[in-house]
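Overview (structure and organization)
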Amino acid sequence: VSTQSTGANDNNNNNNLPTNSQSILNNQIDNNLNSKKNFMQRKRIAVVCASNQNRSMESHALLSQENYCVRSFGTGNHVKLPGMKQDKPNIYPFGTPYNAIMNDLISKNRQFYENNGLIKMIKRNSTIKEKPEKWQQNDCVFDIIFTYEERVFDAIVEDFEVRGNKSFKAVHVINLTVKDNHEEAANAAKETLQFIELLQSKGEEAFENEIESALQEFQQKTQKKIIYLVLFY
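A brief look at the structure comes next. (Residues numbered from 1 in each chain as written. Predicted model: local features only at pLDDT ≥ 70, side-chain atom pairs only at ≥ 80, totals over all residues. Heavy atoms only, no water.)

1. Structural notes on the overall build of the chain
- When its secondary structure is counted, the chain shows eight helices and eight strands.
- Looking at the chain residue by residue over its 233 residues, the buried ones come to 50%.
- For the chain, the share of sequence-separated contacts (at least 6 apart) that also reach a separation of at least 24 residues comes to 77%.
- When the accessible surface of the chain is totalled, it reaches about 11,600 Å², and 43% of it is carbon and sulfur. (Helix = DSSP H or I, 4+ residues; strand = E, 2+ residues; numbered from the N terminus. Buried < 20%, exposed > 50% of the residue type's maximum accessible area, 1.4 Å probe, protein only. Contact = heavy atoms within 4.5 Å. Areas by Shrake-Rupley, 256 points an atom, 1.4 Å probe, with all protein chains shown as cover.)

If you want it as structure tokens, here you go:
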């Protein structure tokens, strides 16, 4: 496990941040506090990939089913999906509703995008939330962040550096490198859940004090390359 602790030293005010996203997450946590003994269900979890379409949404779907307080994001400049030609992807701004993306793909070539699984994936996404969200425009405070690609991990680190430290609350950032296809995304979602369940089995105190040993145990079981950082809000 590659580990490092870091803080941010520059301040930046992000524009157009959603104002109610933190309160929504806190309401989820309050509900879980009243009904769940599982301490990991009281933790704020983020799952992040490039476009908030496949890898992050697979994990979002599974963790939501297990009643975890989870949100998903993308770090790219825009949402990018495969097109009918390799050099002509479908590109959309973050915030474009999943239903609008699906309708656009249907209008272009329904059969093609049904055959490659995109329409099924986006339809699934639309049942979880309205639209893909950009990490850099979120104002939530998380306890643990999972990324599924090193450049996404790097984008998270860069964003913390740009924002700067305010509360100095620690957040654990974990990268599992995952190929951007449906099968690998589904496997990564299961592995994300397995790691969360491993943390739960070790107890709440271990979440802060023994997470590195849990990561080493998890890495031995999965043979995944894991990158880990502690960042600070």
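2. Considering helix H2 (residues 55–65)
- Of all eleven residues in H2, nine are buried; the element is thus mostly enclosed.
- Turning to H2, its buried residues number three or more, namely Arg 55, Ser 56, Met 57, Glu 58, Ser 59, His 60, Ala 61, Leu 62 and Leu 63.
- Structurally, H2 contributes buried residues whose contacts are with strand E2 (44–49), strand E3 (69–74), helix H3 (98–115), helix H4 (118–126) and helix H6 (182–202).

3. Focus on the pattern of salt bridges
- For the structure shown, the criterion picks out 16 salt bridges.
- Between Arg 124 and Glu 58 there is a salt bridge, with the nearest N and O atoms lying 3.3 Å from each other. Taken together, the residues Arg 124 in helix H4 and Glu 58 in helix H2 connect sequence positions 66 residues apart.
- Notably, a salt bridge pairs Glu 133 with Arg 71, separated by 2.3 Å at the nearest N-O pair. Remark: Arg 71 occurs in strand E3 and Glu 133 occurs in the loop between H4 and strand E6 (144–147); sequence separation between them is 62 residues.
- In this structure, a network of salt bridges that share partners links the residues Arg 55, Glu 149, Arg 151 and Asp 180. (Salt bridge = Lys/Arg side-chain N within 4 Å of Asp/Glu carboxyl O.)

4. Re the side chain of Thr 147
- Along the chain, Thr 147 turns up in strand E6.
- On the basis of relative accessible area, Thr 147 is assigned to the buried category, the value being 0%.
- For Thr 147, the residues in contact, after removing those within four places along its chain, are Val 48, Val 152, Phe 153, Ile 156, Ile 174, Asn 175 and Leu 176.

5. Focus on the packing of H6 against helix H8 (residues 211–222)
- Where H6 meets H8, the axes come as close as 10 Å, and the angle between the chain directions of the two elements is 135 degrees. On the basis of the axis angle, H6 is oblique to H8. In this structure, H6 crosses over H8, and the sense of that crossing is right-handed. Residues Glu 191, Gln 194, Phe 195, Leu 198, Leu 199 and Lys 202 of H6 pack against Ile 211, Ala 214, Leu 215, Glu 217, Phe 218 and Thr 222 of H8.
- Among the residues making up the contact of H6 with H8, the classes are represented as seven nonpolar, two polar and three charged. (Axes fitted to C-alpha atoms, helices over the stretch in contact; angles between N-to-C directions. Parallel < 35°, antiparallel > 145°, perpendicular 65-115°, else oblique. Left-handed = near helix turned anticlockwise from the far one by under 90°. Nonpolar A, V, L, I, M, F, W, Y, C, P; charged D, E, K, R; others polar.)

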